[in-house]
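Here's the letter readout for the chains.
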Amino acid sequence: MLERKIYSRLIDWKKKRKEDKLKKCLIVKGARQVGKSYIIKKFGENEYDSFIEINFYEHPELKSIFDGEITSEAIYKRISLNIPNTKLVPGNTLIFLDEIQRCGNARTAIKFLAEDFRFDVISSGSLLGLSYGMDADEEVDAVESVPVGYEESLTMYSLDLEEFLWANGYSKESIQDMKKYLGSEEQIHESVHQKYEELFREFMVVGGMPEVVADFAIHKDFNRVLDIQNSIIDEYKDDISKHAKGKEKQYVRMCYDAIPKQLAKELKKFQYSTVEKGQTRRKFGGSVQWLIDSSMVNPCYNISEPFIPLMANAKDEQFKLYINDTGLLTCLYGFETKRAILNNTIKGNARGGLYENVIAECLVKQGYKLYYYKPDDNHELEFLIEKEGSVIPIEVKAGNTASVSLNNFIADFTPNIAYKLISNRNGIVGVKETIPHYMVMFI
């Protein structure tokens, strides 16, 4: 079993249900193939005496459990009636409603289930980020009443860098020992640095999709990695064909296919003309939003001024799009790109785009919203994040070139801390801290 950080958050929710009488069921969202169902099943089997799974995709007939009266009492009676050998143990049962988007009544019933503390309920499903009406799947049910205030939402991603290292045999203690170099003038030993740089490039190529990581941890075979990643991308494209509506099927696919091309350009800002020459937001804006809502991409918005709240200063029409898992991005580029990354020989604008993508992925998995700052045509800071009431600038360099944009930002806005991410070792000059790319997991 791959160890996932989200497991502790499931434990925290269970504890709040029991000790604090939290009137909320849990809903776990996230892109396909990030391990949502697997981790919830393991949680249910390990942490409860009784685990009941209701999968509305595999067993559509179980939707009848939520027909008619949807009080908790009525629902639990119908569960015992429709699912053989069910054990409903008060105080020690988890009910898992998987693919809940296929049963609107089940989503409506969450309010009543949340108020009944005899049993805990977690729901999940594919493409839950899509609002009703954006999903063309005929099996997706409209929700009569969204249970506002009765759901605690949790977004799950593919494995982050630290989880990837755990899966490949690196202990938590040895990884956390690296954290001492953040904010320190002590330099990382060259041999340790080289090893972690190599591991970081492996993470870029393998990515964090659980099936891929689990296979790589055993076989260490990059050809197998590519095959599994191609299968996942095919599933993503099948999702587009099945769930996008009408002409959006073609448009969403075109936008997704355009992202690797855009990231390989000097100008990384998403341009609709990359999708189709001469086209604008009017044609493809809805398709881009579909990709964002499906969690297949991570958006990063340009801001007018670098002050909290950054979202209030975001320019909605100026953004970058990053693929949600850098391993999938390298798969889209092909095996020779993977080889060049591993050998550290990749050159050109694509190199910068790949490093931006992986840093964006790492920041999102740590809970940060993404913004960038481009005050003029000659200067750009790749990322700004909000942390502890401050705006923190982050400059990303594939190598270790000059920091003109970051230096200007420091001079103009005097941040408490500013990070420059490079391929070399760490160092501090004033508020500017230079750290290797892999240290992003500690920001």
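Further up the page is the structure itself.
Just so it is clear, the structure is predicted and the values come from calculations on it, not from any experiment.

We now examine the sheet that holds strand β10 (residues 390–396). The mixed open sheet is built from 8 strands, whose spatial order is β7-β6-β8-β9-β10-β11-β13-β12. In this open sheet, the two strands that pair with only one neighbour each are β7 (314–323) and β12 (427–429). Adjacent strand axes in the sheet meet at a mean angle of 30°, parallel and antiparallel pairs treated alike. Where β12 and strand β13 (residues 432–436) come together, 3 bridges link them in antiparallel fashion. Looking at the pairing, Ile-428 lines up with Glu-433 of β13. Of the strands in this sheet, β6 (297–303) and β7 are in contact with helix α12 (residues 281–293), which crosses β7 at around 55°.

As a further point, take unusual backbone geometry. For the bond from Ile-308 to Pro-309, the omega torsion is -5°, close enough to zero to count as cis. Relative to the helices and strands, Pro-309 is located in the loop between β6 and β7. In this structure, Lys-21 takes a positive phi of about 55° despite not being glycine. Note on placement: Lys-21 falls in the loop between α1 (6–19) and β1 (25–29). Even without a glycine there, the phi angle at Ser-295 is positive, about 70°.

Further remarks concern α1. Taking 1.5 Å of rise per residue, 14 residues should cover 20 Å, and α1 covers 20 Å from first to last C-alpha, within 8% of that figure. If you check which residues of α1 are buried, you get Ile-6, Tyr-7, Leu-10, Trp-13 and Arg-17. Looking straight down α1, one finds its buried side chains confined to an arc of 115°; they lie on one side. Turned more than 90 degrees away from the buried face of α1, the exposed residues are Lys-18 and Glu-19. Tucked into the core, α1 has its buried residues touching β1, α2 (36–47), β3 (93–98), α4 (104–115), β4 (120–124) and β5 (151–155).

Of the pockets and cavities examined, the largest pocket occupies roughly 1200 Å³. In terms of lining residues, the largest pocket is bounded by 43 residues, among which Thr-155, Tyr-157, Val-364, Tyr-368 and Lys-369 are the most central. For the lining of the largest pocket, the secondary-structure elements that each account for two or more residues are α1, α5 (161–167), α12, β6, β7 and α15 (349–365). Considering every element that reaches the lining of the largest pocket, the biggest residue donor is β6, with 4 residues. A class-by-class count of the residues in the lining of the largest pocket yields 20 nonpolar, 11 polar and 12 charged.

Rules of the game
Residues numbered from 1 in each chain as written. Predicted model: local features only at pLDDT ≥ 70, side-chain atom pairs only at ≥ 80, totals over all residues. Heavy atoms only, no water. Pairing = 2+ DSSP bridges. Helix = DSSP H or I, 4+ residues; strand = E, 2+ residues; numbered from the N terminus. Axes fitted to C-alpha atoms, helices over the stretch in contact; angles between N-to-C directions. Contact = heavy atoms within 4.5 Å. Expected span 1.5 Å × (residues − 1). Buried < 20%, exposed > 50% of the residue type's maximum accessible area, 1.4 Å probe, protein only. Arc of directions from axis to C-beta. 1 Å grid on protein atoms, 1.4 Å probe; cavity = no way out; pocket = protein on both sides within 12 Å on 5 of 7 lines; lining within 4 Å. Points joined across faces, edges and corners; volume = space filled by probe spheres on them. Nonpolar A, V, L, I, M, F, W, Y, C, P; charged D, E, K, R; others polar.

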